[in-house]
Amino acid sequence: MSKKVADLLWEMLVKAGVKRCYGIVGDALNPVIDALRRNGKVEFIHVRHEEYGVLAAVAEAYLTGNPVVVCGTAGPGVVHLFNGLMDARKEGAPIIAIAGDVETSVTDTSSLEELNPYKFFECASLYTARIVNPEQARAVINTAILTAVLEKGPTVIAIPGDIASADVAELSTEFTIAASPVLRPSDTDLKKLVQMIDDAKTVAIFGGEGCRDGRDEVLELARKLKAPVGYSLRGKQWLEHENPNAVGMTGLLGYGGAYNANHEAELLLMLGTDFPFSEFLPGASVKKVQIDKNPKHIGRRTPVDLGLVGDIKTTVTALLKAVSEKTDDRFLNKQLEHTNSFHNLVQHYVEKGPGIKPIRPEFLAATLSELASDDAMFFADTGTAVIWLARHIKGGRDRRLFGSFSWASMANAAPNAFGAQLAYPGRQTIALCGDGGFTMLGLGDLLTQVERRMPVVQIILNNESLDFVNIEQQEAGMVPFGVGFKNPNFAKVAEAMGAKGIRIEEPGDVREGLAEALAYKDGPVIVDVVVDPFALAMPSHAPFHTVKGFTLSFAKQVLSGRMDSVITTIKHNVKLI
């Protein structure tokens, strides 16, 4: 039997380390999926929605570092891949998308389900190709794999059905994936940086995802410089735990002394971060150095005095050998005191939580963090779930915290946790889901989890609101509108679908209910928690426009006859309960 283009595709993907393909089959994809069946070395994960499959694949690819395949058939199936591929691009996940395409005989005739993959995927894909001749197949597949793995992002291969089933010459399927190169600034630039550090009386560090492989080096640098260490949301899981210099996050999710540390230091070292909220970064009064392996990140959020290209682990290792150790720790201690003060503030609703109804989300998240295993993997929906993850879920050397942190897609937590559980069978995977996000995408593919008996714990923050949008509208000075909806009893829905359902309405039941969910291993669990819809979470430093917006919103709500909502919101957020 002659080899088909689709056979070549799967042979090369297997050699690249692909273990799973998420998607939904369809006519344009049938030859590709039939070849997957014949190959037998890649598990096909049939999902109910292609976007759910891509978001699951993103978590698997990000956590393992290995490429993962997703697929959708021509037209609508391909379109459903797009949002997840954008997430993969922003989070740096090596995803290879196989897009079904119309047959070559009708290409460019506006045929049913035809779209131009080059135009459609332009901003979501690092490399997009359309195989229209078997002779180009090996080169295209090779490029798609190497780009995804080495540049850490999504690529797309569009394959018409007739090409997928066409014979291909017996070509070698061997290829090499090179290890990541060692990348650091030149000696001249390093000397400039050393001089700037040695000249500065106080130094602060602000780190991001780029510190993933250089955590130990960054912490050693902080110790040597007596520097407080703040971090972006993506940097939290690498720089917060077991770090005596940790001062929390800045931004709207911020907590602790990170904002003050960044603004009061003489020199700020921005390490591997592309933190997008410029208003929370210091101005010209603070000298700033940014180090990143991606040159395009340097200086685009705030002007910097020195920009260096290099990976953090290698660059900081070289830096440690050259900088002088500082002895004055007064600046560090000041920021640590500020951090501890804010920590005591946010602990109010954790400590008072057992006696407050409706359930405070702070109390829920802190209890979850305490009960979860040391190697648990947490996933948060975009929205207030991310706030509670950032402030109350404690990281650890073996814990992982993940979400759509750079793209901010709704409904990511449930599929993220599903993909992580497939990659790490039996390891505790926990999704903090907004009720809006879960009903958008998670509910349908709960059936997929049930079918596979996946022990994924999904905790739904049931406040019958798009709560983060509600906060955003108030921040902008608006009367909240269009953010409310009615929910079912999610625990009963889960039981009807074959999952385990737990509903928690009383604060006294939180610990027992979460413990029961975490102990269940025979399939997915839905924990429906009725939480306080009026809970707010202000950052440790609130910009004037934010405070002004809330004040204006409250005034408008009073004038429109919603005084009860204003009073309840204030009552639930100024320690009156």
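Parameters and conventions
- Residues numbered from 1 in each chain as written.
- Predicted model: local features only at pLDDT ≥ 70, side-chain atom pairs only at ≥ 80, totals over all residues.
- Heavy atoms only, no water.
- Helix = DSSP H or I, 4+ residues; strand = E, 2+ residues; numbered from the N terminus.
- Rg over C-alpha atoms; globule rule 2.2 N^0.38 Å.
- Buried < 20%, exposed > 50% of the residue type's maximum accessible area, 1.4 Å probe, protein only.
- Areas by Shrake-Rupley, 256 points an atom, 1.4 Å probe, with all protein chains shown as cover.
- Lys, Arg positive; Asp, Glu negative; His and termini not counted.
- Charge placed at Lys NZ, Arg CZ, Asp CG, Glu CD.
- Pairing = 2+ DSSP bridges.
- Axes fitted to C-alpha atoms, helices over the stretch in contact; angles between N-to-C directions.
- Contact = heavy atoms within 4.5 Å.
- Core = buried A, V, L, I, M, F, W, Y, C linked by side-chain atoms within 4.5 Å.
- Phe/Tyr/Trp six-rings, centres within 6.5 Å; stacked < 30°, edge-to-face > 60°.
- Lys NZ or Arg CZ within 6 Å of the ring centre and 35° of its normal.
- Polar contact = N/O pair within 3.5 Å; in protein donor to acceptor, adjacent residues only side chain to side chain.
- Expected span 1.5 Å × (residues − 1).
- Parallel < 35°, antiparallel > 145°, perpendicular 65-115°, else oblique.
- Left-handed = near helix turned anticlockwise from the far one by under 90°.
- Nonpolar A, V, L, I, M, F, W, Y, C, P; charged D, E, K, R; others polar.
- Salt bridge = Lys/Arg side-chain N within 4 Å of Asp/Glu carboxyl O.
- pLDDT = per-residue confidence, 0-100.

Caption draft 1: Seen up close, the overall build of the protein. The number of helices and strands found in the protein is 25 helices and 19 strands. At 25 Å, the protein has a C-alpha radius of gyration in line with the 25 Å of a compact globule built from 577 residues. When the backbone C-alpha atoms are referred to their principal axes, the protein occupies close to 75 × 65 × 45 Å. Across the 577 residues that make up the protein, the buried fraction comes to 58%. In the form shown here, the protein has an accessible surface area of approximately 23000 Å², with 53% of it arising from carbon and sulfur atoms. Between the centroid of the 59 positive side chains of the protein and the centroid of its 68 negative side chains there is a distance of 4 Å.

Caption draft 2: Region of interest: the sheet that holds strand S6 (residues 155-160). The strand order S2-S1-S3-S4-S6-S5 describes an open sheet built from six strands, whose pairing is parallel. Strands at the two margins of the open sheet, each flanked by one partner only, are strand S2 (43-46) and strand S5 (127-130). Neighbour to neighbour, the strand axes of the sheet diverge by 20° on average, direction disregarded. The sheet contact formed by strand S1 (residues 20-23) and S2 spans four bridges and is parallel. Considered in S2, the bridge of Gly23 is made with His46. This element, helix H1 (residues 5-15), spans S1, strand S3 (68-72), strand S4 (95-101) and S6 of the sheet and lies at about 170° to S4. The strands touched by helix H7 (residues 137-151) within the sheet are S4, S5 and S6, with S6 carrying the most contacts at an inclination of about 155°.

Caption draft 3: Spotlight on the pairing of S3. Most of S3 is tucked away: five of the five residues are buried. Of the two faces of S3, the one holding Val68, Val70 and Gly72 and the one holding Val69 and Cys71 are both buried throughout.

Caption draft 4: Structural context of the sheet that holds strand S10 (residues 255-256). Spatially, the seven strands line up as an open sheet ordered S10-S9-S8-S7-S11-S12-S13, and their pairing is mixed. Single-partner strands in this sheet number two, and they are S10 and strand S13 (306-309). When strand S11 (residues 267-271) meets strand S12 (residues 287-292), the two strands line up parallel, connected through five bridges. Paired with Leu267 across the bridge in S12 is Lys287. Contacts from helix H9 (residues 187-199) reach strand S7 (203-207), S11, S12 and S13 within the one sheet, and its direction differs from that of S13 by about 135°.

Caption draft 5: Quick look at the nonpolar core. Residues Leu85, Ile95, Leu269 and Ile459 are the most contacted members of the largest nonpolar core, which totals 123 residues. Sort the elements by how many residues they give to this core and helix H3 (residues 50-64) lands first, with ten residues. Not counting chain neighbours up to four residues away, the residues in contact with Leu85 comprise Val54, Val70, Ile95, Ala97, Phe121, Ala124, Pro154 and Val156. Judged by nonpolar contacts, the second largest core, of 35 residues, contains Leu9, Met12, Ala16 and Ala35.

Caption draft 6: Highlighting the packing of aromatic side chains. In the structure shown here, the tally under the stated rule is ten aromatic pairs. For the ring pair Tyr52 and Phe418, a centre distance of 5.8 Å and an interplane angle of 45° mean the geometry is tilted. Placement of the pair is Tyr52 in helix H3 and Phe418 in helix H18 (residues 413-423), with a sequence separation of 366 residues. Among the residues examined, Tyr52 registers a relative accessible area of 0% and is labelled buried. Taking the centre distance of 6.5 Å and the plane angle of 55° together, the rings of Phe402 and Phe405 count as tilted. In this structure Phe402 comes out as buried when scored by relative accessible area, which is 2%. Through a chain of ring-to-ring contacts, three or more aromatic side chains come together here, namely Tyr62, Phe379, Phe402 and Phe405. Over the face of the ring belonging to Tyr349 we find Arg360, whose NZ or CZ atom lies 3.6 Å from the ring centre.

Caption draft 7: Representation of the environment of Thr448 in the model. Within the fold, Thr448 resides in helix H20 (residues 446-452). Thr448 sits 329 residues away from Lys119 along the chain, and the two C-alpha atoms are 32 Å apart. Within polar-contact distance, the side chain of Thr448 engages the side chain of Arg48 at 3.3 Å.

Caption draft 8: Layout of H7. The end-to-end C-alpha distance of H7 is 21 Å, a good match for the 21 Å that 15 residues give at a rise of 1.5 Å each. Within the sequence span of H7, burial applies to Ala137, Val140, Ile141, Asn142, Ala144, Ile145, Thr147, Ala148 and Val149. Where H7 is buried, its residues contact H1, S4, S5 and S6. Immediately beyond the C-terminal end of H7, within one or two residues, lies Lys152, with a positive phi of roughly 55°.

Caption draft 9: Representation of the environment of Ala499 in the model. Along the chain, Ala499 turns up in the loop between helix H22 (490-497) and strand S18 (500-504). For the pair Ala499 and Gly272, spaced 227 residues apart in sequence, the C-alpha to C-alpha distance is 41 Å.

Caption draft 10: Local environment of the packing of H3 against H18. For the pair H3 and H18, the least separation of the axes is 7 Å and the interaxial angle reads 50°. Judged by the inter-axis angle, H3 sits oblique to H18. When the axes of H3 and H18 are compared, the crossing they make is right-handed. Across from Tyr52, Leu55, Ala56, Ala59, Glu60, Leu63 and Thr64 in H3, the residues of H18 making contact are Ala414, Pro415, Asn416, Phe418, Gly419, Ala420 and Ala423. Tallied by class, the residues present in the contact of H3 with H18 amount to ten nonpolar, three polar and one charged.

Caption draft 11: Examining the pattern of salt bridges more closely. What the rule picks out here adds up to 36 salt bridges. Between Arg234 and Glu91 there is a salt bridge, and its shortest N-O distance comes to 3.2 Å. Of this pair, Arg234 sits in the loop between strand S8 (229-231) and helix H11 (236-239) while Glu91 sits in helix H5 (residues 82-91), and the two are 143 residues apart along the sequence. Here Arg234 falls in the buried class, since its relative accessible area comes to 17%. Judged by its relative accessible area of 2%, Glu91 falls in the buried class.

Caption draft 12: Representation of the confidence of the model for the protein in the model. Per-residue pLDDT for the protein averages 92, and the proportion of residues at 70 or more is 93%. Per-residue pLDDT stays below 50 along residues 562-570; that stretch engages in 15 contacts with residues further than four places along the chain or on separate chains.

Caption draft 13: Looking closely at the side chain of Lys224. The topology assignment puts Lys224 in helix H10 (residues 215-225). Buried charge Lys224 goes without a salt bridge, the closest partner of opposite sign being Glu325 at 5.9 Å. Polar contacts involving the side chain of Lys224 include one to the main-chain carbonyl oxygen of Val323, which spans 3.1 Å. If we skip the residues at most four places from it in the chain, Lys224 touches Leu320, Val323, Ser324, Glu325 and Lys326.

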